[in-house]
Amino acid sequence: PDLLDWEKDMPLIITRVSERGTLQEWRTIVSRYGLDKIVAVAKEVRSMDLLAVNFIAQISGTPITEFRCYNTRQLSQRHWIY
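Residues numbered from 1 in each chain as written. Predicted model: local features only at pLDDT ≥ 70, side-chain atom pairs only at ≥ 80, totals over all residues. Heavy atoms only, no water.

1. Comments concerning the side chain of T62
Logical step 1: Inspection of the secondary structure assignment puts T62 in the loop between α4 (50–60) and α5 (68–75).
Logical step 2: Take T62: its relative accessible area is 13%, and that puts it in the buried class.
Logical step 3: T62 has contacts with V39, K43, A57 and F67, leaving out every residue within four places of it along the chain. (Helix = DSSP H or I, 4+ residues; strand = E, 2+ residues; numbered from the N terminus. Buried < 20%, exposed > 50% of the residue type's maximum accessible area, 1.4 Å probe, protein only. Contact = heavy atoms within 4.5 Å.)

Have a look at this one:
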């Protein structure tokens, strides 16, 4: 964490905090970047957990279909586990 740059590594930070972060970490990135910037970056991320994408979509009022990771996830479905 000490080697991360807040501006250069913004997509990585937003993705990881959205997927695995605590509420305090979420509040930190919202105060640092703002909700509009988080949504803009999350829309361009190629892969993110569906629960995290849904959370960002609901909290911002953005349709989930606008997120790149949601649209590409539908195209590559996994095989069933028997």
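2. Brief notes about helix α1 (residues 10–20)
Logical step 1: All buried positions along α1 are accounted for by M10, I13, I14, T15, V17 and S18.
Logical step 2: Here the buried face of α1 lies against α2 (23–33), α3 (35–44) and α4.

3. Considerations on α2
Logical step 1: Three or more residues of α2 are buried, namely W26, I29 and Y33. Buried positions in α2, seen along its axis, are confined to an arc of 65 degrees and lie on one side of it. The outward face of α2, more than 90 degrees from its buried face, is lined by the exposed residues L23, Q24 and S31.
Logical step 2: On its buried face, α2 is in contact with α1, α3 and α4.
Logical step 3: G34 lies just past α2 and shows a positive phi near 90 degrees. (Arc of directions from axis to C-beta.)

4. Examining the packing of aromatic side chains
The geometry of an aromatic ring pair is captured by two quantities: the separation of the ring centres and the angle between the planes.
Logical step 1: Under the counting rule described, the total for this entry stands at two aromatic pairs.
Logical step 2: Ring centres of W26 and F55 lie 5.1 Å apart, and the angle between their planes is 70 degrees; on these two criteria the pair is classed as edge-to-face. Taken together, the positions of W26 in helix α2 and F55 in helix α4 put the pair 29 residues apart, joining distant regions of the chain. (Phe/Tyr/Trp six-rings, centres within 6.5 Å; stacked < 30°, edge-to-face > 60°.)

5. As for the pattern of salt bridges
Logical step 1: According to the stated counting rule, one finds two salt bridges in the structure shown.
Logical step 2: In this structure, E19 and R16 form a salt bridge, with 3.6 Å as the shortest nitrogen-oxygen distance. Of the two residues, E19 and R16 are both situated in helix α1; the distance of three residues between them amounts to about one turn of the helix.
Logical step 3: When its relative accessible area of 25% is taken as the criterion, E19 is described as partly exposed.
Logical step 4: Among the salt bridges present, the one from E66 reaches K43, with a minimum N-O distance of 2.8 Å. A residue pair is termed long-range when its members are at least 10 positions apart, and E66 in the loop between α4 and α5 and K43 in helix α3 qualify at 23 residues.
Logical step 5: Note on K43: relative accessible area 24%, which makes it partly exposed. (Salt bridge = Lys/Arg side-chain N within 4 Å of Asp/Glu carboxyl O.)

All quantities given are derived from atomic positions and should not be read as evidence of function.
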